[in-house]
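Single-letter residue listing:
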Amino acid sequence: MAATHFRSGGRRTAGSSALGPALAAIALCAAGLVVLQLSVVLANEDRGISGAEAALPALVGLVYVGAGLLAWTRRPHNRIGALLTAAGLAWIGWGLWAADVRALAAVGLLCGPLPFAITIHLLLAFPSGRLEGRAERIVVSAGYLLIPFVYAPTELLGASRADDLRVLDVVDDPAVADAARAIQTVAAALLLIATAALLLRRLRGAEPGRRQAAPVYLSGIVALTVVVLLDVLDGAGLTATGGWPVDVLNVVGVGIVLLLPLAFLAGILRGGFARSGELQELLRRLGDTPCRPSA
């Protein structure tokens, strides 16, 4: 029976043993991507990228991947681990934006919005790892669809203001680029508002145990808000000049982005959420099992 696969106290399940080789391969893949990202970015002396700037995406990515693989091992029935791992790989991929190889830089730019979309998915799927309603599925789908239908066209229309970052653009018209950036910012802001509204509704109508998720939800919303605000400042040409608003947002953004995967990990490993997730998975499996007629 499905119940035999579960053990109390957060110990490893039978499913986690079977995942071992696959998770080890993912860890090796992430390490290889970090080496590639750091080597190609630091080799590009023309852009003057410091070691700290090059290492930040790799560091964030490794934190996400580490938290994701641990969550995946301890709670193989929960998709939060897989989503955290995917977000980490996306962060590492985004670090390629400063590569001297045009194709790799293009991959980096296209990976840029992926962590934003996956974070929305993580927030709306937490703690069970599954999207609970139609509204959640629509918002998450919209987050992923923004990448091919909004972010990629924005890059093609010359959204990257710095000349050395314009590796995808096919249009050289500042007015068109500004309009594309405005559409991108509005789309991201609307997605953020929709996500916050769904989380607030969930907290207001949730059972007491679910209210423990409030710190995770708040951290995620703050992280997404910082991303949108930095995008607005970049669109206004203010990130290049710096100043205290940009510096503060960058510091807050880095800190909360590093803590967010650990918050997700702690949430699904914590007693109440862990037991809830195992119970939901058991009920799902029992529901999928065809009933046998009694003799």
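Right, let's walk through the structure included here. All of these numbers come straight from a predicted model, not from anything done at the bench.

Conventions we followed
Residues numbered from 1 in each chain as written. Predicted model: local features only at pLDDT ≥ 70, side-chain atom pairs only at ≥ 80, totals over all residues. Heavy atoms only, no water. Helix = DSSP H or I, 4+ residues; strand = E, 2+ residues; numbered from the N terminus. Buried < 20%, exposed > 50% of the residue type's maximum accessible area, 1.4 Å probe, protein only. Axes fitted to C-alpha atoms, helices over the stretch in contact; angles between N-to-C directions. Parallel < 35°, antiparallel > 145°, perpendicular 65-115°, else oblique. Left-handed = near helix turned anticlockwise from the far one by under 90°. Contact = heavy atoms within 4.5 Å. Phe/Tyr/Trp six-rings, centres within 6.5 Å; stacked < 30°, edge-to-face > 60°. Salt bridge = Lys/Arg side-chain N within 4 Å of Asp/Glu carboxyl O.

## Overview of the side chain of Arg 202
Item 1. Residue placement: Arg 202 occurs in helix α7 (residues 174-204).
Item 2. For Arg 202, a relative accessible area of 8% gives the class buried.

## Some points on the packing of helix α5 (residues 114-125) against α7
Item 1. Where α5 meets α7, the axes come as close as 10 Å, and the angle between the chain directions of the two elements is 10°. Regarding the angle of α5 to α7, the classification is roughly parallel. Our pair here, α5 against α7, has a crossing hand that is left-handed. Contacts from Phe 116, Ile 120, Leu 123 and Leu 124 in α5 reach Ala 188, Leu 191, Thr 195, Leu 198, Leu 199 and Arg 202 in α7.

## Observations concerning the packing of aromatic side chains
Item 1. Evaluation of the coordinates by the stated rule reveals 4 aromatic pairs.
Item 2. When the centroid spacing of 6.4 Å and the interplanar angle of 35° are considered together, the rings of Trp 94 and Trp 97 count as tilted.
Item 3. Taking relative accessible area as the criterion, Trp 94 reaches 28% and is therefore assigned partly exposed.
Item 4. For the ring pair Phe 126 and Phe 264, a centre distance of 5.6 Å and an interplane angle of 70° mean the geometry is edge-to-face.

## A word on the environment of Ala 24
Item 1. Summarising the element assignment, Ala 24 is placed in helix α1 (residues 14-42).
Item 2. According to the relative accessible area criterion, Ala 24 is partly exposed, its value standing at 40%.
Item 3. Considered as a pair, Ala 24 and Leu 69 are 45 residues apart in the sequence and their alpha carbons are 8.8 Å apart.

## A closer look at unusual backbone geometry
Item 1. Note the cis peptide between Phe 126 and Pro 127, where omega equals 5°.
Item 2. Residue position: Pro 127 is located in the loop between α5 and α6 (134-156).

## Examining the pattern of salt bridges
Item 1. Scanning all chains against the criterion turns up 2 salt bridges.
Item 2. In this structure, Arg 201 and Glu 136 form a salt bridge, with 3.7 Å as the shortest nitrogen-oxygen distance. Linking Arg 201 in helix α7 with Glu 136 in helix α6, this pair joins segments that are 65 residues apart in sequence.
Item 3. Judged by its relative accessible area of 5%, Glu 136 falls in the buried class.
Item 4. Via salt bridges that share partners, Glu 136, Arg 201 and Arg 202 belong to a single interconnected network.

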